[in-house]
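Topology and contacts: notes
Take a look at the letters that make up each chain.
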Amino acid sequence: MSTQTHPGDQTASNATTTASLHRLTLPGPMLQRGFWLYVWRVQTPKGERLYVGRTGDSSSPHATAPYTRMGQHLGFSKAQNSLRRLLTEAGVEPETCGQFDLISYGPIFPEIGMTKEQLRHEQMLLHTPVRDQMAGLEKKLRDALVAAGYKVLNVVHSKKQYDAAHWNAVQNAFAKHFPELIK
């Protein structure tokens, strides 16, 4: 048996590499499950783009931590990678972006913990009103960022109500990174 090397073949001895060292710092509180709002700030070759999201599932009684969404948003699962998909649709390959910053605020509400005595249906009855309020806050944040002149990749479709006091806290928190929200 003989082997033949083709011009395009890469082996450990002749491979060209673009390896470099990178660092990701994750604050411990971002591991806490609950209802969070977050904004991805992405430095793309076409300029800064934002993506607004929330934790708190629509299809289950769970509210995960923001760090969990990090990998999902940039992964390859079509059901979870909305940030990757929207960047690609905008003509930007995520790997060409200079930087991804995840700015998260929360937990605004704790995850509704299921007890052994509860059925899933009972848990959803407790989860849904909180999830709906978060959907209203997510839409308000996205729309406020757009109105302030920021370029946001996603559209949030929600007609859910939110508490004005919660919105005030959300607006003030995110204004630290997006000062035009307050003007």
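Please read these numbers as outputs of a predicted model, since none were measured by experiment. (Residues numbered from 1 in each chain as written. Predicted model: local features only at pLDDT ≥ 70, side-chain atom pairs only at ≥ 80, totals over all residues. Heavy atoms only, no water.)

Let us now look at helix 4 (residues 164–175). Taking 1.5 Å per residue, twelve residues should reach 16 Å; helix 4 reaches 16 Å between its end C-alpha atoms and fits that length. Among the residues making up helix 4, those that are buried are W167, V170, Q171, A173, F174 and A175. Of the surrounding elements, those touching the buried residues of helix 4 are strand 1 (35–44), strand 3 (99–109) and helix 3 (120–147). The N-terminus of helix 4 is capped by D163, whose side-chain oxygen sits 3.1 Å from the backbone nitrogen of A165. (Helix = DSSP H or I, 4+ residues; strand = E, 2+ residues; numbered from the N terminus. Expected span 1.5 Å × (residues − 1). Buried < 20%, exposed > 50% of the residue type's maximum accessible area, 1.4 Å probe, protein only. Contact = heavy atoms within 4.5 Å. Polar contact = N/O pair within 3.5 Å; in protein donor to acceptor, adjacent residues only side chain to side chain.)

Our focus in this paragraph is unusual backbone geometry. In this model, G106 is joined to P107 through a cis peptide bond whose omega is -5°. Within the fold, P107 resides in strand 3.

What follows concerns the pairing of strand 2 (residues 47–54). Burial runs high along strand 2: six of the eight residues are buried. Summarising the sheet, strand 1 and strand 2 pair through eight bridges and their orientation is antiparallel. Across the sheet, residue Q43 finds its bridge partner in strand 2, namely E48. (Pairing = 2+ DSSP bridges.)

What follows covers the packing of helix 3 against helix 4. The interhelical angle for the contact between helix 3 and helix 4, taken along N-to-C directions, is 45°, at an axis separation of 11 Å. Between helix 3 and helix 4, the angle is such that the two are oblique. Pair helix 3 / helix 4 crosses with right-handed handedness. Of the residues in helix 4, those touching helix 3 at Q133, L137, K140, L141 and A144 are H166, W167, V170 and F174. Here the contact of helix 3 with helix 4 is built from residues that sort into six nonpolar, two polar and one charged. (Axes fitted to C-alpha atoms, helices over the stretch in contact; angles between N-to-C directions. Parallel < 35°, antiparallel > 145°, perpendicular 65-115°, else oblique. Left-handed = near helix turned anticlockwise from the far one by under 90°. Nonpolar A, V, L, I, M, F, W, Y, C, P; charged D, E, K, R; others polar.)

Together, L26, L31 and Y67 make up a nonpolar patch on the protein surface, roughly 260 Å² of accessible area in all. Inspection of the secondary structure assignment puts Y67 in helix 1 (residues 66–74). (Patch = residues over 30% accessible without salt bridge, like charges linked within 9 Å, V, L, I, M, F, W, Y side chains within 5 Å. Areas by Shrake-Rupley, 256 points an atom, 1.4 Å probe, with all protein chains shown as cover. Salt bridge = Lys/Arg side-chain N within 4 Å of Asp/Glu carboxyl O.)

With that settled, the discussion passes to the pairing of strand 1. Burial analysis of strand 1 places nine of its ten residues in the buried class, which makes it a mostly covered element. Across eight bridges, the pairing between strand 1 and strand 3 is antiparallel. Looking at strand 3, one finds that V39 is bridged to I103. Between strand 1 and strand 2, which pair antiparallel one after the other, the connecting turn spans two residues.

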